[in-house]
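Survey of secondary and tertiary structure
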Amino acid sequence: MKNRRSRTSFHVDTRKGIRGINSTHQLWRLWSLAFLFFTIASFVEAHQAEADDAPKPWRDRYINPVPLDDDIILPLPCGGGIAFRPVLVPVNTVLDDRKVVLGGNDDRYAYAENSREDYISGAFSLPGREGRFLIISKYEITEDQFATASGECKRATSGGTLPKVNVSWLEAMTFAETITLWLHQNAADSVPSDDGEPGYLRLPTETEWEYAARGGAAVAPSEFIAPVFPMAEALGAYAWHGTAESSQYQLQPIGLLNRNPVGLHDILGNAAEMVLDPFRLNKISHLHGRAGGITVKGGDYFTPPGNIRSAARQEINPYLKGGVRTLETVG
């Protein structure tokens, strides 16, 4: 919002000099006041110039190209924003949780993806709505959104709506921390809270990610355990997968395809997505006791359509001999 410019004016009659002056003392007072008004006007104009130079709010297409009524929008530095979805977990209190069945039954991926039970709850209650909610970003974090954490603002563009890839796990968490601190300092009222405690950003856990990817409580139990969430159209209408007809083996901008049952876009395909917890093998009845590298979910724009599935999980070593490892397919 632009500030209204303050105006101070003087009426000068060129025939009689400065109107109303009838003594040297009055003339001095008027020039003193004129100087004071000039400095005040200069100060206001300088701050107006700063306001004019401030980043303008991004257009909706760079933040939330496919809006829904109950989306949650958090501001970002540089006039940006991130769209989030509240995903219902049907429990009653903060101590309740819900048992879910994750993974799949494909023997080719048994030690990574075998079916297993886990439990989930939501961090937030929302006014006027029953249950608890986890709040997860509606789209993959984009290049322009990620860049706002650097403090160097630039104009948002269509090219900046590509998912941010070639990023390490630590860089992703540093982005989350930087934006959290900025929100708490600059837009605290916009941050969801629970029991008086403000929320914060982080990567989702694998269980949170998979629960949301499968459709959560918005789908029937038989649909929840299926390889992909219910789709009224072909897979290519929901996921950028590795074919010439779909992704053309290239990263694609966010929000161009249909959403899943809880309103998430590009949760399968396009850029694979890191989660909070480290990778562990699946020992049929439980996850193996040894923690490994980064867990990556969802497949990417090279993944063949037959391999796109909610259970897909991959381990990535976070380091190479030459340093930190990042991938052009992972964000």
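Below you will find a few notes about this structure. (Residues numbered from 1 in each chain as written. Predicted model: local features only at pLDDT ≥ 70, side-chain atom pairs only at ≥ 80, totals over all residues. Heavy atoms only, no water.)

1. Re a nonpolar patch on the surface
Keep this limit in mind: To count toward a patch, a residue needs a relative accessible area above 30% and no salt bridge. Like charges then connect within 9 Å, nonpolar side chains (Val, Leu, Ile, Met, Phe, Trp, Tyr) within 5 Å. Areas reported as accessible are Shrake-Rupley estimates using a 1.4 Å probe. Residue values count occlusion only from the protein chains shown. What counts as a salt bridge is simple: a side-chain nitrogen of Lys or Arg found within 4 Å of a carboxyl oxygen of Asp or Glu. When a residue's accessible area, from a 1.4 Å probe over protein chains only, is under 20% of the maximum for its type it is buried; when over 50% it is exposed; and in between it is partly exposed.
The grouping of Leu170, Tyr319 and Val324 at the surface amounts to a nonpolar patch, some 320 Å² of accessible area in total. On the accessibility criterion, Tyr319 (48% relative accessible area) is partly exposed.

2. Re the state of the cysteines
Any covalent bond linking the sulfur atoms of two cysteines counts as a disulfide. In plain terms, the rule: Cysteine sulfur atoms are paired as a disulfide whenever they come within 2.5 Å of each other. Numbering of helices and strands runs from the N terminus, with a helix taken as a DSSP run of H or I at least four residues long and a strand as a DSSP run of E at least two residues long.
Throughout the structure, instances matching the rule amount to one disulfide. Each disulfide pairs two cysteine sulfurs, and for Cys78 the partner residue is Cys153, the sulfurs being separated by 2.1 Å. One quick way to see it: the torsion about the S-S bond of Cys78 and Cys153 is about -80°, and its sign makes the bridge left-handed. Of this pair, Cys78 sits in the loop between strand 3 (72-75) and strand 4 (81-89) while Cys153 sits in the loop between helix 4 (143-147) and helix 5 (169-186), and the two are 75 residues apart along the sequence.

3. Comments concerning the nonpolar core
To keep it simple, the criterion reads: Side-chain atoms within 4.5 Å link the members of a nonpolar core, which is a set of buried Ala, Val, Leu, Ile, Met, Phe, Trp, Tyr and Cys residues. Residues are treated as being in contact if the distance between any of their heavy atoms lies within 4.5 Å.
Counting 25 residues, the largest nonpolar core has Val87, Leu134, Tyr211, Ile267 and Leu268 as the members making the most contacts within it. Secondary-structure elements contributing two or more residues to this core are strand 4, strand 5 (98-102), strand 7 (132-137) and helix 6 (206-214). Per-element tally for this core: the top contributor is helix 6, with four residues. Each residue touching Ile267, except ones within four places of it in the same chain, is listed here: Trp209, Ala213, Phe229, Asn260, Glu273 and Gly298. In terms of nonpolar packing, the next biggest core, distinct from the first, is built from 12 residues, Ile72, Leu74, Ala176 and Ala187 among them.

4. Describing the sheet that holds strand 10 (residues 273-278)
Note the cut-off: One requirement defines pairing of two strands: DSSP has to find at least two bridges between them. Helix axes are fitted only over the stretch in contact, all axes being lines through C-alpha atoms; the angle between N-to-C directions runs from 0 to 180 degrees.
Spatially, three strands are ordered 10-11-12 in an open sheet, and the strand pairing comes out antiparallel. Only two strands of the sheet have a single partner each, and these edge strands are strand 10 and strand 12 (313-316). Within this sheet the neighbouring strands show an average axis-to-axis angle of 35°, counted without direction. Bridge analysis of strand 10 against strand 11 (residues 294-297) gives three bridges, and the strand direction is antiparallel. Bridge pairing in strand 11 links Glu273 to Lys297. Strands strand 10 and strand 11 of the sheet are contacted by helix 5, whose axis makes an angle of about 90° with strand 10.

5. Let's talk about helix 5
The condition is simple: Helix span, as expected, comes to 1.5 Å for every residue beyond the first. Picture the helix axis, draw a direction to every C-beta atom, and the arc is the one those directions span.
Relative to the 26 Å expected for 18 residues at 1.5 Å per residue, helix 5 spans 26 Å between its end C-alpha atoms, a close match to the ideal helical length. Listed in full, the buried residues belonging to helix 5 are Ala172, Phe175, Ala176, Ile179, Thr180 and Leu183. Buried positions in helix 5, seen along its axis, are confined to an arc of 130° and lie on one side of it. Away from the buried face of helix 5 by more than 90 degrees, exposed residues Glu177 and Gln185 are located. Structurally, helix 5 contributes buried residues whose contacts are with strand 3, strand 4, helix 4 and strand 10.

6. Points about unusual backbone geometry
Negative phi is the rule for most residues except glycine; trans is the rule for most peptide bonds. The phi dihedral of Asp195 falls on the positive side, at around 55°, and the residue is not glycine. Note that Asp195 resides in the loop between strand 8 (193-194) and strand 9 (197-198). The backbone of Asp266 sits at a positive phi, close to 60°, despite the residue not being glycine. Inspection of the secondary structure assignment puts Asp266 in the loop between helix 7 (221-224) and strand 10.

7. Comments concerning the environment of Ile72
In this structure, Ile72 sits in strand 3. A sequence separation of 11 residues divides Ile72 from Ala83, and the C-alpha atoms of the two residues are 5.8 Å apart. When residues no more than four places from it in sequence are discounted, the contact partners of Ile72 are Ile82, Ala83, Phe84, Pro86, Ile135 and Pro192.

8. A closer look at the pairing of strand 4
Counting buried residues along strand 4, eight of its nine residues qualify, which places the element largely inside the surrounding structure. Both strand 3 and strand 4 contribute to a ladder of four bridges, which runs antiparallel. Counterpart to Ile72 in the pairing with strand 4 is Phe84. Connecting strand 3 to the next strand, strand 4, in antiparallel fashion are five residues, including Cys78 with a positive phi near 70°. The pairing of strand 4 with strand 7 spans six bridges and is antiparallel. Considered in strand 7, the bridge of Pro86 is made with Ile135.

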